[in-house]
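# Report on the structure
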Amino acid sequence: MYRNIYVESEVLRYHRVKEILARYTDASVVTCDRYTEIFNLKSQDFRLQKKQPALILARKHRGYIQQAPAGYGVGGDHNFYFSTMMNCLYDCRYCFLQGMYRSANHVVFVNYEDFSSALLKTAARFEKDEQVWFFSGYDCDSLALEPVLSMADFFIETVSSSQNVWLELRTKSTQIRSLLKRTPLPNIVTAFSFTPTAISEQIEHQVPGVEKRLAAMLRLQEQGWSVGLRFDPLIYSHNFREQYQDLFNLLFLSLNPDLIHSISIGVFRLPKDFYKQLERLYPDDSFIAQPFNSRNGQVSYPLNIELEMKSWCYKQIQEHIEKNKIFFAEISVPDSIPATSISLKSELDVRNVN
Amino acid sequence: MNHSVNLIVALKAEAQPLIEFFELKALPVDETISIFANHEVTLALAGMGKSAAAHAVQCVKNTNQGCVNAWLNIGIAGHGEFDVGQGFLANRIVDQTTMKTWYPQFVFQPVCRTGTLMTVDKVETDYSDPVGYDMEASGFYSAAVNCSTIELVHTYKIVSDNPRNSVAKVTRSKIDNLIKSKLSEIRCTIDSLKKLTAEVATRNSSDELLHQFLQRWRFSVTQQIQLKSFLCKTNVLKIDIDVESNEFMSCRNGKSALKVVERTVETHWRN
């Protein structure tokens, strides 16, 4: 799949790099000193690069584990995230990565061992009875490149003997083989993101279909793995109730609710600067062209739509699943809240701290 | 928006086969170098060396103002490994003097080999590394990436000399033959770049409607950006905007016209 691969000379000797390169014998391999020489340049076009992204194999030197942003948790006491990869195989029009990075090339930090050490060191700071969560899939899809990178396999092993260390693998992929070959672990949650089929087909380019993702979830559950559902971002359309009702029915009537660890809900939102970048990249895209509102540095749907979608989806989901498994992603707080929305907002805020 | 693929060529012997093949006509431009063009390709005869190549990029940029430009440096090169006659696109350009390195980005499938190109100040005769050697690429590339996004800037070289074939034997007619032998590779590379520039140009196009607004009302620079953004949205969302309608007739300035456009988009979307 990759035609151009850049490799930092420092990692050329890594066994993991040799294994990855062996999969792409036809690719042009170029060595470089630091991945930033390619990835961080100013005059790049994310949209053009998305046509044929290059793979960049690099070493991360610091900052392996990051504090998770507010609202990213699913019930743990402490939340962190880590990214062994920057950018994603898929091309979802709402994705913040398009606004965050100048390049669409895929950077993989191959020194997993350094991440692993930092992860365990971070977890060791906390009491054994505290749940410490590590989220993978913030800057990439955790499983989409698993057959090539074996990243999930490595980090499952890292946390396998820790009772209070939890790992979330967030994905839209169906690449679950590295999990299926293992005995299920209670502290691993594979969390699948969903939008309704019609929306997914329109704006989640190259993403496996809803039914294929559901089939992957069912296989994991059959083997005893916990799964998560992520309805984040919720995408508005005039008939969003029908579309999400169909999606919820499909998922909740198929999945075993006992093996659903958590569900999170969050309406589409982007930092304003990221959205401006998307407007520049995709002025011809009907999703980006919607007249979103801007408040507190974030671009999202008008507040009444945001609140309506959240509350409606929450009510629907809680008919299928216990309330304590449902979590809200960060709520945008407007400068002035319409009076009719205040009570609903208060309710959502309470739910957010659950 | 117009778009062009700009060829920067050092030697007349390299340029002539390209001028003939693409049927380029000399442009009567007030520049210090010769520029030739047709409706899709511009060629600048730069002269030898990094500075000359960088200067040529600037001259063509001045000529093609408001255009989406792709840039291709074409010429002959020595090589420590490749056979004479081999064409290649640079995937790494190193300036031997400064050791500064650039990595051209391929978002199209190259029709030829790719490899490292070292830009030297004096003709290379040792061929100490298995790389290409030229005298323009680093100057060209550093100038061109300031004018376009990097995916649209490339360097194509044809090997004229190597450890087994001395540079001293490279003649004008040999250069002519080398370029002619690779015209189809050059054509394919230009076509790939043309597709990309066309895509970017379409993305950045402004339409007739914008001009109607700009003729009728005065807008500040910020308002013009907002107006362009809103008109783009009306186009994508298929909303009809008629500047002759009653709503716009009552607008006394750009600000109020902008408000009407904004309101129209929001109303359409919510309904």
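On a predicted model such as this, the values are computed, not experimentally measured, just so you know.

### A few points about the pairing of strand S9 (residues 132-136) of chain A
All names here are of chain A. For S9, the buried fraction is high: 5 of the 5 residues fall into the buried class. Residue alternation in S9 divides its side chains into two sets, Val 132, Phe 134 and Ser 136 and Trp 133 and Phe 135, and both sets are buried. As defined by bridge partners, strand S5 (residues 78-82) adjoins S9 across 5 bridges and the pair is classed as parallel. Residue pairing for S9: Phe 80 is matched across the bridge by Phe 134.

### Focus on the packing of helix H6 (residues 208-216) of chain B against helix H7 (residues 221-236) of chain B
Residue and element names in this part refer to chain B. Between H6 and H7, the shortest axis-to-axis distance is 10 Å and the interhelical angle comes to 145°. Along this stretch, H6 crosses H7, giving a crossing that reads as right-handed. Residue-level inspection shows Leu 209, Leu 210, Phe 213 and Leu 214 of H6 in contact with H7, the latter providing Gln 224, Leu 227, Lys 228 and Leu 231.

### Some remarks on the packing of helix H2 (residues 50-63) of chain B against helix H3 (residues 137-144) of chain B
All names here are of chain B. With their axes 7 Å apart at the nearest point, H2 and H3 run at an angle of 30° to one another. By the angle between their axes, H2 is roughly parallel relative to H3. Crossing geometry of H2 relative to H3 is assigned as right-handed. Side by side, H2 and H3 meet where Lys 50, Ala 53, Ala 54 and Val 57 of the first sit next to Ser 138, Gly 139, Phe 140, Ala 143 and Ala 144 of the second.

### Notes on the domain arrangement of chain B
According to the domain assignment, chain B contains domain 1 (3-203) and domain 2 (208-270). For domain 1 of chain B versus domain 2 of chain B, the separation of C-alpha centres amounts to 43 Å.

### Regarding the sheet that holds strand S16 (residues 293-295) of chain A
To summarise the sheet geometry, strands pair through backbone hydrogen bonds and adopt either a parallel or an antiparallel arrangement. Residues and elements named next belong to chain A. With antiparallel pairing, 3 strands are arranged side by side in an open sheet as S15-S17-S16. With partners counted over all chains shown, the strands left at the sheet margins are strand S15 (269-271) and S16, one partner each. Here the strands of the sheet are splayed against their neighbours by 30° on average, with no regard to which way each runs. Pairing geometry for S16 and strand S17 (residues 298-300), over 3 bridges, is antiparallel. Looking at S17, one finds that Arg 295 is bridged to Gln 298.

### Comments concerning the pairing of strand S5 (residues 68-79) of chain B
Residue and element names in this part refer to chain B. Counting buried residues in S5 gives 12 out of 12 residues, a clear majority hidden from the surface. Strand direction decides the pairing type here: strand S1 (residues 3-9) and S5, joined by 7 bridges, are parallel. Within S5, the residue paired with Val 5 across the bridge is Ala 70. Note: S5 against strand S10 (residues 153-161), 8 bridges, orientation parallel. Across the sheet, Gly 75 pairs through a bridge with Lys 157, a residue of S10.

### Considerations on the pattern of salt bridges
When charged atoms on two side chains of opposite charge get close, those side chains can pair. All chains considered together, the criterion is met by 33 salt bridges over all chains. For Glu 199 of chain B, the salt bridge identified is with Lys 51 of chain A, shortest N-O distance 2.8 Å. Taken together, the residues Glu 199 of chain B in helix H5 (residues 183-203) and Lys 51 of chain A in the loop between helix H3 (46-49) and strand S3 (55-58) connect one chain to another. On the basis of relative accessibility, which here comes to 45%, the residue Lys 51 of chain A falls in the partly exposed class. Residue Asp 114 of chain A pairs with Arg 59 of chain A through a salt bridge whose shortest N-O separation is 3.9 Å. Placement of Asp 114 of chain A in helix H5 (residues 112-123) and of Arg 59 of chain A in the loop between S3 and strand S4 (66-67) is noted, with a sequence separation of 55 residues between them. Exposure remark for Asp 114 of chain A: the relative accessible area of 26% places this residue in the partly exposed category. Ionic contacts of the salt-bridge type, sharing partners, join the residues Asp 153, Glu 157, Lys 181 and Arg 182 of chain A into one network.

Definitions and limits used
- Here, residues in each chain are numbered from 1, in the same order as that chain's written sequence.
- Labels follow written order: the first chain is A, the first ligand is 1, and so on.
- The model is predicted, so local features are restricted to residues of pLDDT at least 70 and side-chain atom pairs to those at 80 or more, both for listing and for counting; the totals for chains, interfaces and linings are taken over all residues.
- As a rule here, side-chain values cover all heavy atoms of the structure and leave hydrogens and water aside.
- Exposure is judged per residue with a 1.4 Å probe applied to protein chains only, and the accessible area is read against the type maximum: over 50% gives exposed, under 20% gives buried, and values in between give partly exposed.
- Think of it this way: any DSSP run of H or I at least four residues long counts as a helix, any run of E at least two long counts as a strand, and we number them from the N terminus.
- When DSSP locates at least two bridges between a pair of strands, those strands are taken to pair.
- For every element, the axis is a line fit to its C-alpha atoms; helices are fit only across the contacting stretch, and the angle between N-to-C directions ranges from 0 to 180 degrees.
- A clockwise turn of the near helix away from the far one marks a right-handed crossing, whereas an anticlockwise turn of less than a right angle marks a left-handed crossing.
- Working rule for contacts: check all heavy atoms of both residues, and any pair within 4.5 Å makes them a contact.
- Each angle receives one of four descriptions, namely roughly parallel if under 35 degrees, roughly antiparallel if over 145, roughly perpendicular if within 65 to 115, and oblique otherwise.
- Note that domain bounds follow an automatic or database assignment of domains.
- Salt bridges are defined as contacts in which a side-chain nitrogen from Lys or Arg sits within 4 Å of a carboxyl oxygen from Asp or Glu.

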